[in-house]
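Take a look at the letters that make up each chain.
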Amino acid sequence: MLEVEHLAVSYGPTRILEDVSFHVPRGRVVALLGGNGSGKTTVLNALTGMVRPRGGAIRFGGQDCAGWRPDRILRLGLAQVPQGREVFASMSVAENLELGAYTRRDREGVRRDTERALALFPRLREKARRRAGTLSGGEQQMLAVARALMSGPRLLLMDEPSVGLAPNVVGDMVAAIRALREEGLTILLVEQNVGVAAAVADSAHVLQAGRIVHSGPASGLLDDEEVLRSYLG
Amino acid sequence: MLSGLTTGSIYALVALGIVLVYKATGTINFAHGDQLMIAGFLAYTLHVMLGLPYLVAMLGAVIGSFLLGALAERIGFRAVLRSNLINVVLATLGLSFVLKGVARLTWGGISDYLSFPPLVSPDPIMIGDLILLPQQLVVTAGALVVMGLFALFFRLTTIGRAMQATADNPKAARLVGIRVEHIHMLAFAVGAAVAGAGATLMAPLTLLYPDIGFTLFIKGFAAAVLGGLTSLPGALVGGLAIGIVEALAAGYIHSSFLEVSAFIAIMLTLVLRPRGLMGGPPPRRA
Ligand SMILES: Nc1ncnc2c1ncn2[C@@H]1O[C@H](COP(=O)(O)OP(=O)(O)OP(=O)(O)O)[C@@H](O)[C@H]1O
Ligand SMILES: [Mg+2]
């Protein structure tokens, strides 16, 4: 469904991504792993148009969408759950969800997706009127996922959804990712927590210094001493 | 005191535009007062020179100012909004000089100070001991109506909601598909349109001259700072407070306070309560 070929990104003169290629098949959960500053977020940002790639191709459902504006890519069906949650802190949970559907005009579909997101994260329903900035870290993370789902994506990009969460909340997040996968949603999951990736992903790619240095099935990750030690610390 | 309320409501309109642009883009538009001045001259042209009815002239000034604000953002700011703050401030200062120059060139030949005819009978009305000038009442009411319309626009329309979202978190706004450049342009345009309404309301009370923009900018900026710079209700409260304090200071202390009280208000606010009366954290720049 998503094909990334020879993706290259620079910030000014600094080359962040040299040559990144990988595929995300429809209906799968693919993990993208790597240490701090290895360029994981930059890959997602290039996919959603938040930064312009310097070179390479990004094909989504057959469309080459490299360098498109973020709103066009979102309409095409690629939504990002950003690192650090980035909720609209001064607005209510309900307003955050409404804004997630900003690009949509089909009221009926939006209503259905609101229901679906609130069923996935029942705690958001209880707190619908609360300002997002007053939620706990875990609740803000749920809101960030729910907001991305409100655009009705075909591929969900998640950037370290488990970071900074209490162990039982990490469990909730893993369950939510599994539930989305059951519904048939395709997911590209960026993680530093290899345990989470191994628990939900089908396959994994490891990014280091702007290149993919290892690809393989996710289930083997925790046993693969060499990958763990040399790439992920 | 009552005249303070009237000028204060004008300051509030000026402050509203400054706060709107600040919230959306994280920068102060130093040309805001000059956009207001241009709108005043536009209203003068339509009403006095072309003889159109006052309300039509106001509408013309609002629309003209809206378009000018959008144009200014597009050609003057879009390229620099991404670079550092100094460049943006320089760009707004540059625009300020350009607008003053345009005003001198276009309207300067007529007279340095243009007077706008009164809207309603200038005779005062007495209610008990109170002396009310109908003109002031009309201006105050007009300013409040403009603010009310603005608040409705902000609360109820999708575009208003998108502006709020962009002010809250520009990165998240882009992620949900809001075109942040359009929001910047719209903030400049709507800010200028509100200034246009303010200019037309104010014109019958004051004289119009090319340098009026800076004077009003300082008053509106003081009001905005007092209100917290990020709060639209704060802009209203700040504007009224500056207007009243100014009138009281001029009346009871010395008339020279009329000019300096705005500066004093800015300094006192920054020293005593940097977030103003109703301000939140500063916006992140996109
Ligand atoms: N806007 C930017 N301008 C310049 N350099 C940047 C920018 N954003 C990121 N970088 C640099 O690019 C490199 C990769 O950053 P990126 O955020 O993609 O890494 P990451 O793998 O997501 O790291 P983390 O695990 O810490 O989130 C880092 O060295 C970072 O300092
Ligand atoms: Mg990252």
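Residues numbered from 1 in each chain as written. Chains lettered and ligands numbered in written order. Predicted model: local features only at pLDDT ≥ 70, side-chain atom pairs only at ≥ 80, totals over all residues. Heavy atoms only, no water.

Just give me the short version of the site of ligand 1, but keep the residues and values in it.
Residue and element names in this part refer to chain A. The immediate surroundings of ligand 1 are formed by 13 residues, with K40, T41, T42, Q83 and Q192 found nearest. At 2.8 Å, a side-chain N or O of K40 approaches an oxygen atom of ligand 1. Within the contact set of ligand 1, an oxygen atom lies 3.1 Å away from a side-chain nitrogen or oxygen of E160. Protein contacts shield 59% of the accessible area of ligand 1, which totals 640 Å² for the unbound molecule. Counting residues per element, the shell around ligand 1 draws most heavily on helix α1 (residues 40–47), which supplies 3 residues. Considering only residue class, the shell around ligand 1 consists of 2 nonpolar, 9 polar and 2 charged. (Near = heavy atom within 4 Å. Polar contact = N/O pair within 3.5 Å; in protein donor to acceptor, adjacent residues only side chain to side chain. Areas by Shrake-Rupley, 256 points an atom, 1.4 Å probe, with all protein chains shown as cover. Helix = DSSP H or I, 4+ residues; strand = E, 2+ residues; numbered from the N terminus. Nonpolar A, V, L, I, M, F, W, Y, C, P; charged D, E, K, R; others polar.)

An account of the pairing of strand β7 (residues 155–159) of chain A is needed here, citing residue identities and associated values.
All names here are of chain A. Burial within β7 is extensive, with 5 of its 5 residues counted as buried. In β7, alternate side chains face the same way, and those of L155, L157 and D159 on one face and L156 and M158 on the other are all buried. Here strand β6 (residues 78–81) pairs with β7 via 4 bridges, running parallel. Bridged to L78 within β7 is L155. Bridge analysis of β7 against strand β8 (residues 186–191) gives 5 bridges, and the strand direction is parallel. (Buried < 20%, exposed > 50% of the residue type's maximum accessible area, 1.4 Å probe, protein only. Pairing = 2+ DSSP bridges.)

Residue-level account of the pairing of strand β10 (residues 211–217) of chain A, with values.
Residues and elements named next belong to chain A. In this sheet, β10 lies alongside strand β9 (residues 203–208) in antiparallel orientation, the contact comprising 6 bridges. Across the sheet, residue L207 finds its bridge partner in β10, namely I212. Counting the residues that bridge the hairpin from β9 to β10 gives 2 residues, and of these A209 lies at a positive phi of roughly 50 degrees.

An account of the interface of chain B and chain A is requested, with residue identities and associated values reported.
One frequent convention defines the size of an interface as the accessible area lost when the parts assemble. With 17 residues of chain B at the interface, the matching set in chain A holds 21 residues. Of the roughly 1,800 Å² buried between chain B and chain A, counting both surfaces, carbon and sulfur atoms make up 60%. Counting the surface chain B buries against chain A, the share from its top three residues, R161(B), L175(B) and V176(B), is 34%. Linking chain B with chain A are 3 salt bridges. The salt bridge involving K171(B) is made with E86(A); its shortest N-O contact spans 3.5 Å. Counting the contacts that link chain B with chain A gives 8 residue pairs in polar contact (both at pLDDT 80 or more). Broken down by element, the side of chain B that touches chain A gets its largest block of residues, 6 residues, from helix α6 (residues 158–168) of chain B. (Contact = heavy atoms within 4.5 Å. Buried area = accessible area lost by both parts, 1.4 Å probe. Salt bridge = Lys/Arg side-chain N within 4 Å of Asp/Glu carboxyl O.)

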